[in-house]
Amino acid sequence: RERGEILTTITVIPGDGIGPEVTDQALRTLDALDLGLDIDMLDHVNAGTYLETGEALTDADFERVRTSDSTLLGAVGDPRVAGTDYARDVLLRLRFDLDLYVNYRPAKLFHDRLSPLRDETRRAVDCVIVRENTEGLYAGMGGVLRKQTPFEMTMDAEINTHHGVSRIVDFAFSIARRSVCMVDKSNAVKFGGQLWQRYWREAAGRHPRLETSHLYVDAAVMKLVEDPTRFDVIVANNSYGDILSDLMAELAGGLGTATSANINGDTGFGLFEPVHGTAPDIAGKGIANPIGAILSAALLIERLGHTAAAAAVRESVNSAIAQRRVTPDLGGELGTVDAGEAIRAGLR
Ligand code: ATP
Ligand code: MG
């Protein structure tokens, strides 16, 4: 490497359960692409370390992540630390301290056979859910009165700020190819709804070349099942985005291929991970499907500007699935390593 050349540094947190198995396949795939990435492994960030030291992600670890260009994560969580703050400590610290305000969930169906929809003309799902990731109903505001009495009263407040709403809507527009659909429930949840509506109309006015639409969330779920092919980018608050993300992941073939990213739209930093968890039931068996992790890596390099390489990975995943050179969960007979190898073979 030339002296003085600016390197792209990727921090990698393989994590727990099947996390390290699938992350290894993602890294080998990146390696095969030969993009000259500098990989910084944080393989000590896991439940074992937490059990030994009581600390999940040290300040030094956090600094390595913060100063890198993006992070690839496997999965964190472990039955031995169930009920502790371990997974939250890792994920929420990264999300809030790096202000990863976008939850980006692409939903792309790679093969007809993976679709749960009967109507084959409406299976070609290829859209992105942009979910607000830092406020809304999940901000933890509220309280309880007269707890554990028959008069108990609880309140969970939904936080919507102009700052939060504007940046997520702007991000949605910035990535749209054809259209943006905003989903809310402003007919029933009025005050926040009005803020979303007002900013939404303003932003739509600034993007006359994109098709824009609005749906109440109840209508949105019907339309998404009826004809998901009509959608490109869908933007929603934290709770509706959460629900729509899982709906779309199923319509696009389920956990096996689903990926997600938590992004700071201003710095471009992203934390990329498969949607599946640590899958303790199959960890160590060598049968975990590596496609979610491999596609997370593809999304990561795409966001860093390697669009052709990302497209090549997706193309290769596509043909591996078509040829059933995949793990049992997708109807194949390969183990994790061979399934990863099938995808890399398609790249050569
Ligand atoms: P966590 O608490 O970390 O989310 P979990 O027990 O909820 O773990 P998930 O990872 O969410 O497990 O998986 C749910 C189911 O899907 C499990 O039966 C798991 O074996 C299966 N599964 C998840 N990921 C994969 C994968 N990559 N390949 C094959 N099967 C998977
Ligand atoms: Mg889970």
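Predicted, not measured: the structure shown is a model, and the values here were computed from it.

### Here we look at the overall build of the protein
Item 1. When helices and strands are tallied, the protein shows 11 helices and 12 strands.
Item 2. Taking 20 Å as the expected radius of gyration for a compact globule of 348 residues, we find that the protein reaches 21 Å, a close match to that expectation.
Item 3. By principal-axis analysis of the C-alpha atoms, the protein measures approximately 55 × 50 × 50 Å.
Item 4. Burial statistics for the protein: of 348 residues in total, 45% are counted as buried.

### Some words on unusual backbone geometry
Item 1. You will see that Asp99, though not glycine, has its phi angle at about 50°, which is positive.
Item 2. In this structure, Asp99 sits in the loop between helix 4 (86-97) and strand 4 (102-108).
Item 3. For Asp99, a count of 17 C-beta atoms within 10 Å translates into the label partly exposed.
Item 4. Phi at Arg146 is positive, roughly 50°, even though this residue is not glycine.
Item 5. One can find Arg146 in the loop between strand 6 (142-145) and strand 7 (153-156).

### Description of the site of ligand 1
Item 1. Around ligand 1 lies a shell of 17 residues, among which His276, Gly277, Thr278, Ala279 and Asn289 are the nearest.
Item 2. Here the shell around ligand 1 is composed, by residue class, of eight nonpolar, seven polar and two charged.

### Some thoughts on the environment of Ser68
Item 1. Position of Ser68 relative to the elements: it lies in the loop between helix 3 (59-66) and strand 3 (70-75).
Item 2. Taking the C-beta count within 10 Å as the criterion, Ser68 has 19 such neighbours and is therefore assigned partly exposed.
Item 3. Spatially, the C-alpha atom of Ser68 lies 35 Å from that of Arg209, the residues being 141 residues apart in sequence.
Item 4. Other than its neighbours up to four places away in sequence, Ser68 contacts Thr9, Ile10, Thr11 and Asp40.

### Regarding the sheet that holds strand 10 (residues 233-236)
Item 1. The strand order across the open sheet formed by 10 strands is 2-1-3-12-11-4-5-10-8-9, and the pairing between neighbours is mixed. If you trace the sheet from one side to the other, it starts and ends with strand 2 (38-41) and strand 9 (211-216), each paired once. Direction aside, the axes of adjacent strands within the sheet are offset by 20° on average.
Item 2. The sheet contact formed by strand 5 (residues 126-132) and strand 10 spans four bridges and is parallel. Bridging across to strand 10, Val130 finds its partner in Val235.
Item 3. Sheet strands touched by helix 7 (residues 217-226): strand 8 (179-184) and strand 9. Its angle to strand 9, the strand with the most contacts, is close to 115°.

### Concerning the pairing of strand 10
Look at any regular strand and the pattern is simple: side chains alternate between the two faces of the sheet.
Item 1. In strand 10, alternate side chains face the same way, and those of Val233 and Val235 on one face and Ile234 and Ala236 on the other are all buried.
Item 2. Note that strand 8 and strand 10 share four bridges and pair parallel. Within strand 10, the position partnered with Val180 by the bridge is Val233.

### Description of the packing of helix 10 (residues 307-322) against helix 11 (residues 336-347)
Item 1. Where helix 10 contacts helix 11, the axes come no closer than 8 Å and their chain directions differ by 120°. The pairing of helix 10 with helix 11 is recorded here as oblique in orientation. Like other packed secondary-structure pairs, helix 10 and helix 11 cross with a definite hand, here right-handed. Facing Ala312, Ser316, Val317, Ser319 and Ala320 of helix 10, the residues of helix 11 in contact are Ala342, Ile343, Gly346 and Leu347.
Item 2. Classifying every residue of the contact of helix 10 with helix 11 gives six nonpolar, three polar and no charged.

### Notes on the UniProt feature "domain: Isopropylmalate dehydrogenase-like" (unreviewed entry) in the protein
Item 1. In the UniProt entry, the feature "domain: Isopropylmalate dehydrogenase-like" (unreviewed entry) is given for residues 9-343.
Item 2. A distance of 24 Å separates the end C-alpha atoms of residues 9-343, which is 40% helix and 19% strand.

### A look at the packing of helix 7 against helix 8 (residues 238-251)
Item 1. Two elements in contact, helix 7 and helix 8, have axes whose closest approach is 11 Å; the angle formed by their N-to-C orientations is 10°. The pairing of helix 7 with helix 8 is recorded here as roughly parallel in orientation. For the pair formed by helix 7 and helix 8, the contact residues are Val217, Ala220, Val221 and Leu224 on the first element and Tyr240, Leu244, Leu247, Met248 and Leu251 on the second.
Item 2. A class-by-class count of the residues in the contact of helix 7 with helix 8 yields nine nonpolar, no polar and no charged.

### Observations regarding helix 10
Residues separated by three or four positions in an α-helix point in the same direction, a consequence of the helix having 3.6 residues per turn.
Item 1. The terminal C-alpha atoms of helix 10 lie 23 Å apart, and with 16 residues this matches the ideal 22 Å at 1.5 Å per residue to within 8%.
Item 2. Taken residue by residue, helix 10 has Ala309, Ala310, Val313, Ser316, Val317, Ala320 and Ile321 as its buried positions. Around the axis of helix 10, the buried residues are gathered within 135° of arc, so they sit on the same side. For helix 10, exposure combined with an orientation more than 90 degrees from the buried face picks out Thr307, Ala308 and Ala311.
Item 3. Buried residues belonging to helix 10 abut helix 1 (19-33), helix 9 (291-303) and helix 11.
Item 4. Note on helix 10: the residue one or two positions beyond its end, Arg324, has a positive phi of about 55°.

### Some remarks on the pairing of strand 5
Item 1. Of all the seven residues making up strand 5, six are buried; the element is thus mostly covered by neighbouring parts of the structure.
Item 2. Both strand 4 and strand 5 contribute to a ladder of seven bridges, which runs antiparallel. Its bridge partner being in strand 5, Val102 is matched across the sheet by Glu132.

Rules of the game
Residues numbered from 1 in each chain as written. Chains lettered and ligands numbered in written order. Predicted model: local features only at pLDDT ≥ 70, side-chain atom pairs only at ≥ 80, totals over all residues. Helix = DSSP H or I, 4+ residues; strand = E, 2+ residues; numbered from the N terminus. Rg over C-alpha atoms; globule rule 2.2 N^0.38 Å. Buried ≥ 20, exposed ≤ 12 C-beta atoms within 10 Å, placed from the backbone. Near = placed C-beta within 6 Å. Nonpolar A, V, L, I, M, F, W, Y, C, P; charged D, E, K, R; others polar. Contact = placed C-beta atoms within 7 Å. Pairing = 2+ DSSP bridges. Axes fitted to C-alpha atoms, helices over the stretch in contact; angles between N-to-C directions. Parallel < 35°, antiparallel > 145°, perpendicular 65-115°, else oblique. Left-handed = near helix turned anticlockwise from the far one by under 90°. UniProt positions renumbered as here; feature names shortened; annotations may be inferred. Expected span 1.5 Å × (residues − 1). Arc of directions from axis to C-beta.

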